[in-house]
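# Report on the structure
Each chain, written out:
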Amino acid sequence: EIRGLNIKIYTFAGWTEAHANDVCQRIFALARYQLELFGKDVAGDYAVIFVPSAKNGNRVFGGCGTLGQGFEMDEVTPRRCELFSHRLHHVFNAYDPFGIRMNKRSGGWFQEATASYYEIKALAALGYYDFEERMAQLKSDYDRERPRCDAELSRDSIVSLRIQDRAWRYQVLEFLHYKKAPLVAYLMDEKMKKETEGRKDLDGFIRHVYARHGMKKGQVDLKKELRSFTGLDFSDFFRKYVDGKEELP
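A brief structural summary. (Residues numbered from 1 in each chain as written. Predicted model: local features only at pLDDT ≥ 70, side-chain atom pairs only at ≥ 80, totals over all residues. Heavy atoms only, no water.)

Under the counting rule described, the total for this entry stands at 29 salt bridges. The partner of D189 in a salt bridge is K121, with the nearest N and O atoms 3.8 Å apart. Here D189, found in helix α6 (residues 166-195), pairs with K121, found in helix α3 (residues 109-125); they are 68 residues apart in sequence, far enough to count as distant. Given the relative accessible area of 1%, D189 is considered buried. (Salt bridge = Lys/Arg side-chain N within 4 Å of Asp/Glu carboxyl O. Helix = DSSP H or I, 4+ residues; strand = E, 2+ residues; numbered from the N terminus. Buried < 20%, exposed > 50% of the residue type's maximum accessible area, 1.4 Å probe, protein only.)

Spelled out as structure tokens, the structure:
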């Protein structure tokens, strides 16, 4: 039990006890990081099911939602752990009933931004890799894909609907949600810390928003909440990196 959430992990019976225990310890630690981030106790049950990869080498994904998630974990890799953290983060920043409701026309991108950013922060905090090196890798991916895939984050859903080719639509959304959005969240975090001399950061903002709007209470006006929490004006930031397509520094 972590902050009221009962988390049960089910692992493939054919795995060694050592591997199953290693998986469980890592997943419970990642779960604790995400629940402490939001800073509020909840009451519920969450099931995690781990299975081997398919015999033909294909990935296995059983789904994810408010009640749990399931996929392959025959080898513990940073990317698989990132995916677990990302999906658990969405339970509290998006899914019913625990999540928050964003203004989709201007703030829906933020839910993917923080899920993608905090999957990295969680793993770095627990020693999987160096945070700055992982962010540099992400920036390199962004630089490589930006000429073909870039679009305004605040129009991500509109842009994707206009792309008829399914594979191309998937590539564009992958870029916006999992490459560009977490870098924008990182810049937002750095702006808060720098301009408040370390008194405010994105961790605190997540807890601030969740305390006010968790459990789908009202709708989050992102710019208004940012000003309320930090006292800063994010208009120029949004003009450049959210509503516009200025290259990220």
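The next thing to look at is the environment of A31. Assignment of secondary structure puts A31 in helix α1 (residues 17-38). The exposure class of A31 is buried, given its relative accessible area of 0%. Once residues within four sequence positions are removed from consideration, A31 is found in contact with I2, I7, F84 and L88. (Contact = heavy atoms within 4.5 Å.)

A few words now on the packing of α3 against helix α4 (residues 131-149). At a minimum axis distance of 9 Å, the contact between α3 and α4 shows a crossing angle of 150 degrees. Regarding the angle of α3 to α4, the classification is roughly antiparallel. Relative to α4, α3 is oriented so that their crossing is right-handed. Touching Y117, I120, K121 and A124 of α3 are F131, R134, M135 and L138, all from α4. (Axes fitted to C-alpha atoms, helices over the stretch in contact; angles between N-to-C directions. Parallel < 35°, antiparallel > 145°, perpendicular 65-115°, else oblique. Left-handed = near helix turned anticlockwise from the far one by under 90°.)

For the rest of this paragraph, the subject is helix α7 (residues 202-213). Here α7 spans 16 Å end to end across 12 residues, near enough to the 16 Å set by a 1.5 Å rise per residue. Burial within α7 is extensive, with nine of its 12 residues counted as buried. Burial in α7 covers these residues: L202, D203, G204, F205, I206, H208, V209, Y210 and H213. Buried residues along α7 sit in contact with α1, α2 (78-93), α3, α6 and α8 (222-230). (Expected span 1.5 Å × (residues − 1).)

Let's shift gears to the packing of aromatic side chains. With the rule as written, the count across this model stands at 18 aromatic pairs. Between F38 and F92 the ring centres are 5.5 Å apart and the planes differ by 40 degrees, which places this aromatic pair in the tilted class. Here F38, found in helix α1, pairs with F92, found in helix α2; they are 54 residues apart in sequence, far enough to count as distant. Their ring planes at 55 degrees and their centres at 5.9 Å tell us that F131 and Y186 sit as a pair that is tilted. Here F131, found in helix α4, pairs with Y186, found in helix α6; they are 55 residues apart in sequence, far enough to count as distant. Chaining the aromatic ring pairs together yields one cluster made of W109, F110, F205, F229, F234, F237, F238 and Y241. (Phe/Tyr/Trp six-rings, centres within 6.5 Å; stacked < 30°, edge-to-face > 60°.)

Function-wise, these values are silent; they only describe arrangement.
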